[in-house]
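Here are the chains, one letter per residue:
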Amino acid sequence: MNTPATTAPAAAARIVEEYFSSPIRMLDSWVGSCAHELAQLLDEGALTRPRLDAIVEPYAERTLALGAVPVYGAGFIAAIGLLSDARSHLAWWQGEGGRQLVLASQTVNKEYIDYSELEWYRVPMSTGRPHIAGPYVDYLCSDEYTITIAVPASAGTRLLGVAGLDLLVAEVERELTPRFASLGHQVTLVNGVGRVVVSTDPRCATGDSVRGSRLSDLPRMSCSGIALDVIVEGV
């Protein structure tokens, strides 16, 4: 059964909002207590990579166990210069079995990467709000098309970093496209700069820009509280 064209965009937006609200709530549920623990060690001048890892690991394990969406990776990205023994650090667990990501074992330069300009870090740190970044090929962690959800962590006025989780686009596509298809319309989910996240239209691939395409002339429906839009067209 086709959802009426006048209500299909709103229905598609609700599907997106419901899907992404669960991982955002998960991060919100622990980022405050994590920040409090980190702030205590900062006051003692004892916040190091091992201590950050020890604090974050149980929160990451809880996030990886989230059943509502297939979380691939989770953890905490320290603010640049926060730690006493490293300029930057990702306390991160991912994949089957929740293995800790050890960047230095992959390449020496990755251990000291400056992620300050990467969207999943820069935007929540500058806005103080949760952010969904992607799709992008995640060369740090999965080497696959990825969506990162990140929530800023602060103690008073001091920004400590961001709590985050990764979703592989292939898994998001597997879960969302049947829900979109049930509306009886072609549905394309795009990010804030107009790049395709997932689509029921076989002509649209992840990462494609809708700028200059037939989709650019169609109205977009914004998803409440999420920097994503849906474009709906008849079948």
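A short tour of the structure in this document, coming up. From a predicted model like this one, the values you see are computed outputs, not experimental measurements.

### Comments concerning the overall build of the protein chain
Then comes step 1: If you tally the helices and strands in the protein chain, you get 4 helices and 10 strands.
Then comes step 2: The secondary structure elements of the protein chain, listed N-terminal to C-terminal, are α-α-β-β-β-α-β-β-β-α-β-β-β-β.
Then comes step 3: Relative to the 2.2 N^0.38 estimate, which gives 18 Å for 235 residues, the radius of gyration of the protein chain is 19 Å and therefore close to what a compact globule would have.
Then comes step 4: With the principal axes as the frame, the protein chain shows a C-alpha extent of 60 × 35 × 30 Å.
Then comes step 5: The buried share among the 235 residues of the protein chain stands at 51%.

### Some words on the sheet that holds strand β7 (residues 186–191)
Then comes step 1: Spatially, the 4 strands line up as an open sheet ordered β8-β7-β10-β9, and their pairing is antiparallel. Edge strands, defined here as strands with exactly one partner in the open sheet, are β8 (196–199) and β9 (220–222). On average, each strand axis in the sheet is tilted by 25° relative to the strand beside it, whichever way the strands run.
Then comes step 2: Relative to strand β10 (residues 228–233), β7 runs antiparallel, the two sharing 6 bridges. The residue bridging Asn-191 from the neighbouring strand is Leu-228, located in β10.
Then comes step 3: Running over the sheet, helix α1 (residues 8–43) touches β7, β9 and β10 and is turned about 145° from β10.
Then comes step 4: The strands that helix α4 (residues 169–181) touches are β7 and β8; relative to β8, the one it contacts most, it runs at about 50°.

### Here's the deal with the sheet that holds strand β6 (residues 158–168)
Then comes step 1: Ordered in space as β3-β2-β1-β6-β5-β4, the 6 strands form an open sheet in which the pairing is antiparallel. At either end of the open sheet lies a strand with only one pairing partner, and these are β3 (99–100) and β4 (131–137).
Then comes step 2: Taken together, the 7 bridges between strand β1 (residues 71–78) and β6 define a ladder with antiparallel strand orientation. Bridge assignment links Ala-78 to a residue of β6, and that residue is Gly-161.
Then comes step 3: On top of the sheet, helix α2 (residues 49–64) reaches β1, β2 (90–94), β3 and β6; it is set at about 155° to β1, its chief contact.

### Remarks on the side chain of Thr-63
Then comes step 1: Along the chain, Thr-63 falls in helix α2.
Then comes step 2: Here Thr-63 falls in the buried class, since its relative accessible area comes to 0%.
Then comes step 3: Polar contacts involving the side chain of Thr-63 include one to the side chain of Trp-30, which spans 2.9 Å.
Then comes step 4: In contact with Thr-63, not counting residues within four places along its chain, are Met-26, Leu-27, Trp-30, Val-71, Ala-74 and Leu-165.

### Focus: helix α3 (residues 119–127)
Then comes step 1: Those residues of α3 that fall on the buried side of the exposure criterion are Trp-120, Tyr-121, Val-123, Pro-124 and Met-125.
Then comes step 2: Once α3 finishes, Gly-128 follows within two positions and takes phi at roughly 75°, a positive value.

### What about the packing of α1 against α4?
Then comes step 1: Between α1 and α4, the least distance of the axes is 10 Å, while the angle of their chain directions is 150°. In the packing of α1 onto α4, the handedness of the crossing is right-handed. Of the residues in α4, those touching α1 at Ala-12, Ile-15, Val-16, Tyr-19 and Phe-20 are Val-172, Glu-175, Leu-176, Arg-179 and Phe-180.
Then comes step 2: Taken together, the residues of the contact of α1 with α4 sort by class into 8 nonpolar, no polar and 2 charged.

Definitions and limits used
- Within every chain, residues take consecutive numbers counted from 1 along the sequence as written.
- Given that this is a predicted model, residues contribute local features only at a pLDDT of at least 70 and side-chain atom pairs are listed and counted only at 80 or more, while totals for whole chains, interfaces and linings are drawn from all residues.
- Values reported for side chains reflect all heavy atoms of the structure, with hydrogen atoms and water molecules removed beforehand.
- To qualify as a helix, a DSSP run of H or I must reach at least 4 residues; to qualify as a strand, a run of E must reach at least 2; elements of each kind are numbered from the N terminus.
- Both definitions apply: the radius of gyration is a C-alpha atom measure, and the globule rule equals 2.2 Å times residues to the power 0.38.
- The classification of residues rests on relative accessible area computed with a 1.4 Å probe and restricted to protein chains. Under 20% of the type maximum is buried, over 50% is exposed, and intermediate values are partly exposed.
- Whether two strands pair depends on DSSP finding at least two bridges between them.
- Lines are fitted to the C-alpha atoms to define the axes, a helix being fitted only along its stretch in contact, and any angle between axes, read from their N-to-C directions, falls within 0 to 180 degrees.
- The contact rule is simple, with two residues in contact once any of their heavy atoms fall within 4.5 Å.
- Definition of a polar contact: a pair of N or O atoms within 3.5 Å, with one able to donate and the other able to accept a hydrogen when the atoms are protein atoms, and with sequence-neighbouring residues admitted only if both atoms are side-chain atoms.
- Left-handed describes a crossing whose near helix is turned anticlockwise from the far helix through less than a right angle; right-handed describes the clockwise counterpart.
- When residue character is reported, Ala, Val, Leu, Ile, Met, Phe, Trp, Tyr, Cys and Pro are called nonpolar, Asp, Glu, Lys and Arg charged, and the others, Gly included, polar.

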